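The lines below spell out each chain.
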Amino acid sequence: MQLHFSPSMRSITISSSSSNGFIDFMKIKVAARHISYRTLFHTILILAFLLPFVFILTAVVTLEGVNKCSSFDCLGRRLGPRFLGRVDDSGRLVRDFYKILNQVNTEEIPHGLKLPDSFSQLISEMKNNQYDARTFGFKLRAMMEKFEREIRESKFAELMNKHFAASSIPKGIHCLSLRLTDEYSSNAHARKQLPPPELLPLLSNNSYHHFILSTDNILAASVVVTSTVQSSLKPEKIVFHVITDKKTYAGMHSWFALNPVSPAIVEVKSVHQFDWLTRENVPVLEAVEKQNGIRDYYHGNHLAGANLSDTTPRRFASKLQARSPKYISLLNHLRIYIPELFPNLNKVVFLDDDVVIQRDLSPLWEIDLGGKVNGAVETCKGEDEWVMSKHFRNYFNFSHPLIAKHLDPDECAWAYGMNIFDLRAWRKTNIRETYHSWLKENLKSNLTMWKLGTLPPALIAFKGHVHPIDVSWHMLGLGYQNNTNIESVKNAAVIHYNGQSKPWLQIGFEHLRPFWTKYVNYSNDFVRNCHILES
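Note that the coordinates shown come from a computational prediction; the quantities given were computed from them, not determined experimentally.

Attention now goes to the overall build of the chain. For the chain, the count of helices and strands is 20 helices and twelve strands. Residues classed as buried in the chain amount to 44% of the 535 residues present. Here the analysis covers contacts within the chain between residues at least 6 apart in sequence; of these, 71% occur between residues at least 24 apart. Accessible surface, the chain: about 29,700 Å² in total, of which carbon and sulfur atoms supply 55%.

Shown next as structure tokens:
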């Protein structure tokens, strides 16, 4: 007897052989199945493919500590979001995290909360101590606030150190002054008359271009004079009047006597050599220099009484810059007496000692000032929103009744440092008297109207006497704007390193210094012996 199963397993055939040689068949049909083996095989194959993903998802959910969910939600999490048609749940997790952070932000940080020193240490503590989300949020907030305080304190400390560096005299420049002063006493060539006697009449000849420079920095003065002469198309028409103080006079005279800038003419005079500069004519400035309260303000502790929590680093930097000791120096205020110091001159260009001349300035004498006294660049409009955004509100305290009564906070300011002065028009005004009058009022008010400096009282004294000139003549901010546009620097007639980061200081901006150092004679014996090296 033999059994034979059909391929579909639907029938069984039984066959047997008899003794007479015949074969008997018997066919049995099996009832139909609802699930075939082929279907079962495919089902097992699919499950084998999906189960690892289900196990991984279940493990992740368990590690996240999700223990509060509806039965369907938990089933979906454990069997896979796509298998049950669930959407991605990351959005809800993010919203929950935001909720925790908002809660942490509005509550007080627990007292005595121990903070890790770094983010990696925070992660390590989370793993070891199993922090919940709220504790993690508090620790993270406390760490960020701590680091913000430390960064802020470091920034203010940096600004203070920068202020002291800007107020000091570099060793090399001090050495240069001492060596040149010694040379003046021992070398007759260093004491020769400037200019030579035959050129003295040119000092009051109004057909020449007269420049006035007031400084006690010999190296800076040499750069201003050299850059002006080298940039001029008519250097033989240039006359420089260099004014310095008594202690620097010998050294300044020696420098220009030993380093002539022919064909230009240079005159060096000390403040004490001007007969007009008597105590009777400058009583207010004598008071400014000698009043103890003012000297303490400029030379004392700049942090005393300062509320650093209510100010920004930029505002604090501006206040420090306004407290530079140079602002109580007579040399810095001399510009207001130019008509009296040079009674025979009609038109002059006044230059600060931290400028570099890059273009011929003779066209300045051809500008029609329209009867005004002061040709200056306005500083309330320009591409640089930090440097060229100065109005009267930036310089004066408009809560003071006198300031509020007489001045407009939105009035445009202008720049000192490169000015063309019509001295004939100036002598017809009361600019000097107005300057003195407002200085006296500010001293009476204990410096509450403005913090001392030459520009604020000049803004008042020259009010109505300023003629705006094109901004390309005078580019400012190279001493405090690190992001100065280099192309704009190259195209400016005069670049001004106003601010603390002077090019002769180590705190000067490296990328802006070469525009100044190109006019320093580093091969000069005095410069080399004082180790003033090209950076």
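Anyway, onward from the coordinates.
In the structure shown here, the tally under the stated rule is two disulfides. Shown here is the disulfide that connects C175 with C530, its sulfur atoms set 2.1 Å apart. With the S-S dihedral at roughly -75°, the linkage between C175 and C530 falls on the left-handed side. Of this pair, C175 sits in helix 6 (residues 171–186) while C530 sits in the segment after helix 20 (525–529); the two residues are 355 residues apart in sequence, bridging distant segments of the chain. Taking the relative accessible area as the measure of exposure, C530 reaches 5% and is therefore buried.

To continue, consider a nonpolar patch on the surface. There is a patch of nonpolar side chains on the surface, built from V94, F97, Y98 and L101 and spanning about 340 Å² of accessible area. Within the secondary structure layout, V94 lies in helix 3 (residues 90–106). Accessibility expressed as a relative area gives 40% for V94, which makes it partly exposed.

With respect to the helices, strands and loops of the structure, N498 is situated in the loop between strand 12 (494–496) and helix 19 (514–517). By relative accessible area, N498 is classed as buried at 16%. Among the polar contacts made by the side chain of N498, one reaches the main-chain amide nitrogen of G477 at a distance of 2.6 Å.

This brings us to the packing of helix 7 (residues 218–231) against helix 8 (residues 246–258). Close contact between helix 7 and helix 8 brings their axes to 10 Å; oriented N to C, the two are set at 35°. The two elements helix 7 and helix 8 meet at a crossing, and its hand is right-handed. Contact residues: I218, A221, S222 and V225 in helix 7; T248, G251, M252, W255 and F256 in helix 8.

This part is about helix 6. Compared with an ideal rise of 1.5 Å per residue, which puts 16 residues at 22 Å, helix 6 spans 23 Å between its outermost C-alpha atoms and is within 8% of the ideal. Those residues of helix 6 lying buried are G172, I173, C175, L176, S177, L180 and E183. Those residues of helix 6 that are buried lie in contact with helix 7, helix 8 and helix 20.

Moving on: the sheet that holds strand 6 (residues 265–270). Sheet architecture is open: seven strands sit in the order 6-5-4-7-10-9-11, paired in mixed fashion. Unpaired on one side and paired on the other, strand 6 and strand 11 (466–468) mark the two borders of the sheet. Between one strand axis and the next, the sheet turns through 25° on average, direction left out of account. Two elements, strand 4 (residues 209–214) and strand 5 (residues 238–244), share six bridges in a ladder whose sense is parallel. Across the sheet, the residue bridging to I212 is H241, located in strand 5. Contacts from helix 7 reach strand 4, strand 5, strand 6 and strand 7 (347–351), with the element oriented near 170° to strand 5.

Scoring rules and cut-offs
Residues numbered from 1 in each chain as written. Predicted model: local features only at pLDDT ≥ 70, side-chain atom pairs only at ≥ 80, totals over all residues. Heavy atoms only, no water. Helix = DSSP H or I, 4+ residues; strand = E, 2+ residues; numbered from the N terminus. Buried < 20%, exposed > 50% of the residue type's maximum accessible area, 1.4 Å probe, protein only. Contact = heavy atoms within 4.5 Å. Areas by Shrake-Rupley, 256 points an atom, 1.4 Å probe, with all protein chains shown as cover. Disulfide = S-S within 2.5 Å. Patch = residues over 30% accessible without salt bridge, like charges linked within 9 Å, V, L, I, M, F, W, Y side chains within 5 Å. Salt bridge = Lys/Arg side-chain N within 4 Å of Asp/Glu carboxyl O. Polar contact = N/O pair within 3.5 Å; in protein donor to acceptor, adjacent residues only side chain to side chain. Axes fitted to C-alpha atoms, helices over the stretch in contact; angles between N-to-C directions. Left-handed = near helix turned anticlockwise from the far one by under 90°. Expected span 1.5 Å × (residues − 1). Pairing = 2+ DSSP bridges.

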